[in-house]
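# What the coordinates show
As a plain string of letters, each chain reads:
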Amino acid sequence: MKAVVVGGGVIGLGIAWRAASRGLAVTVVDPEPGRGASGVAAGMLAPVTEVHYGEEALLALNLESARRYPNFVAELEDASRMVVGYRASGTVSVARDADDLAALEELVGYQRGLGLEVERLRSRELRRLEPGLAPGVRGGAMVAGDHQVDPRRLVAALLAACRRLGVVLRRERAGSIDRRSVVLEAGGVEDGDVVVVAAGAWSGVLAGLPAEAVPPVRPVKGQILRLRGAGAPPLARNMRGAEVYLVPRSDGEVVVGATVEERGFDTAVTAGAVHELLRAAIELVPDVAELALVETAASLRPGSPDNAPLLGATGVEGVVLATGHFRNGILLAPVTADAVAELLATGEAPPEITAFSPRRFQRVLS
Ligand code: GLY
């Protein structure tokens with residue numbers, strides 16, 4: 001059994017690694033593995049902090065993937081002999097004014113109603129946890145179970161682990177899909193028994209897919225910043241405000257994200273977005289202004305009509321989808337990798353992904 005995976009982000013590489021571990025022959029086709037959304041993402045693993053009203057099925061999948069993260073990381077670090085920057089540091093949400101506080105109280109009520117663990121914090125308690133916070137903050141909440149990983153390290157480790165298992169990496173652009181094969185743009189064909197479409201925001205525009213297998217995925221632009229100082233970051237854990245989130249790393253990096261923009265395949269970094277992200281971040285943590293701005297970037301999330309991923313078989317034999325992860329690609333890597341590898345190895349989709357079958361959009365597609 002041979003799988004050809006189109007896309008070398010954390011989703012495609014995770015599937016390749018897990019599928020190869022189960023004895024499948026795997027080829028990954030990507031001109032620049034890890035250079036799409038995976039290489040830009042902040043890596044916040046925050047299913048509880050980022051829960052959205054009405055998305056309870058997605059929440060269950062997100063929680064399941066968060067639960068798998070420690071083992072996934074331990075196995076990956078062992079297999080790759082690399083570290084991926086997984087930090088079980090928790091996440092705080094911060095309200096700067098009365099409107100933020102009202103919204104946060106609503107959210108905490110919703111989270112508690114779902115049985116999720118979240119601690120409401122008064123301003124003084126919050127500033128004791130995070131002394132770098134601006135003095136005027138009105139209060140907040142702490143989710144001790146929402147963590148982080150470094151997506152760039154994750155990609156590097158997945159590539160190393162794949163290499164060790166004999167996964168073939170074709171650093172070429174997929175031109176089109178032809179049944180169970182991938183025709184490469186520069187010429188040549190990669191034949192397989194099954195093609196896994198894990199091409200993120202580009203999954204919906206791959207040539208050659210029959211209409212019933214084309215995922216309804218669209219690009220959703222995110223602009224994001226990376227900053228760095230001489231010492232430790234001015235915050236200890238992930239922080240979410242109403243307009244911005246900050247992710248501090250052990251190596252001193254602070255990631256500030258992110259815009260959410262419907263602009264097609266545009267990846268320009270704009271002065272306005274950089275300005276707004278920095279303004280919001282500095283309002284929350286004033287010492288962010290002292291850090292060096294070392295990188296600005298924009299990338300494209302694969303958005304789907306219900307914000308949930310498309311995982312599993314399509315109406316077309318030999319074509320499996322693993323795309324549409326929208327804002328949860330890094331978080332959903334472990335459960336996606338395990339579940340799609342199981343589907344490839346056994347022909348059966350495990351129960352945790354049945355609600356996310358691409359066939360839920362079949363009527364829309366046909
Ligand atoms: N999950 C963070 C983002 O999409 O910006």
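That block above? That's the structure.
First, a word on scope: everything that follows refers to the structure included in this document. Just so you know, these numbers come straight off a predicted model, no measurement behind them.

## Regarding the site of the ligand
Residues in close proximity to the ligand include E50, Y245, A258, R301 and R327, which together make up its full environment. Here an oxygen atom of the ligand sits 2.6 Å away from a polar atom, N or O, in the side chain of Y245. Between the ligand and R301 there is a distance of 2.7 Å, counted from an oxygen atom to a side-chain nitrogen or oxygen. A per-class count over the shell around the ligand returns 2 nonpolar, no polar and 3 charged.

## Quick word on the environment of R180
You can see R180 is positioned in the loop between strand 9 (174–178) and strand 10 (181–184). As a C-alpha pair, R180 and V194 span 14 residues in sequence and 5.1 Å in three-dimensional space. Apart from residues lying up to four places away in sequence, R180 is in contact with E190, D191, G192, D193, V194, V195, E317 and G318. From its side chain, R180 meets the backbone oxygen of D193 in a polar contact 2.8 Å long.

## Quick notes on the sheet that holds strand 16 (residues 253–257)
Strand order in the open sheet formed by 8 strands is 5-6-4-14-15-16-13-17, with mixed pairing between adjacent strands. A strand with exactly one partner marks an edge of an open sheet, and here the two such strands are strand 5 (119–122) and strand 17 (292–303). Taken over all neighbouring pairs, the strand axes of this sheet differ in orientation by 20° on average, direction set aside. Examined bridge by bridge, strand 5 and strand 6 (residues 139–143) share 4 bridges and lie antiparallel to one another. By the bridge assignment for strand 6, E119 is matched with M142. Against the sheet, helix 6 (residues 271–284) engages strand 4 (91–95), strand 13 (218–228), strand 14 (238–240), strand 15 (245–248), strand 16 and strand 17, with an angle of about 55° to strand 13.

## Details of the environment of Q111
Tracing the backbone through its elements, the reader meets Q111 in helix 3 (residues 98–113). When sequence neighbours within four positions are dropped, the list of residues in contact with Q111 reads V48, T49, V51, L116 and V118. There is a polar contact of 2.8 Å between the side chain of Q111 and the backbone oxygen of V48.

## Structural notes on helix 5 (residues 151–164)
Taking 1.5 Å of rise per residue, 14 residues should cover 20 Å, and helix 5 covers 20 Å from first to last C-alpha, within 8% of that figure. For helix 5, the full list of buried residues reads P151, L154, V155, A157, L158, L159, A160, A161 and C162. In this structure, the buried residues of helix 5 make contact with helix 1 (10–21), helix 2 (56–80) and strand 8 (168–170). Where helix 5 begins, the side chain of D150 points an oxygen toward the backbone nitrogen of R152, at a separation of 3.1 Å.

Definitions and cut-offs
- Residues numbered from 1 in each chain as written.
- Predicted model: local features only at pLDDT ≥ 70, side-chain atom pairs only at ≥ 80, totals over all residues.
- Heavy atoms only, no water.
- Near = heavy atom within 4 Å.
- Polar contact = N/O pair within 3.5 Å; in protein donor to acceptor, adjacent residues only side chain to side chain.
- Nonpolar A, V, L, I, M, F, W, Y, C, P; charged D, E, K, R; others polar.
- Helix = DSSP H or I, 4+ residues; strand = E, 2+ residues; numbered from the N terminus.
- Contact = heavy atoms within 4.5 Å.
- Pairing = 2+ DSSP bridges.
- Axes fitted to C-alpha atoms, helices over the stretch in contact; angles between N-to-C directions.
- Expected span 1.5 Å × (residues − 1).
- Buried < 20%, exposed > 50% of the residue type's maximum accessible area, 1.4 Å probe, protein only.

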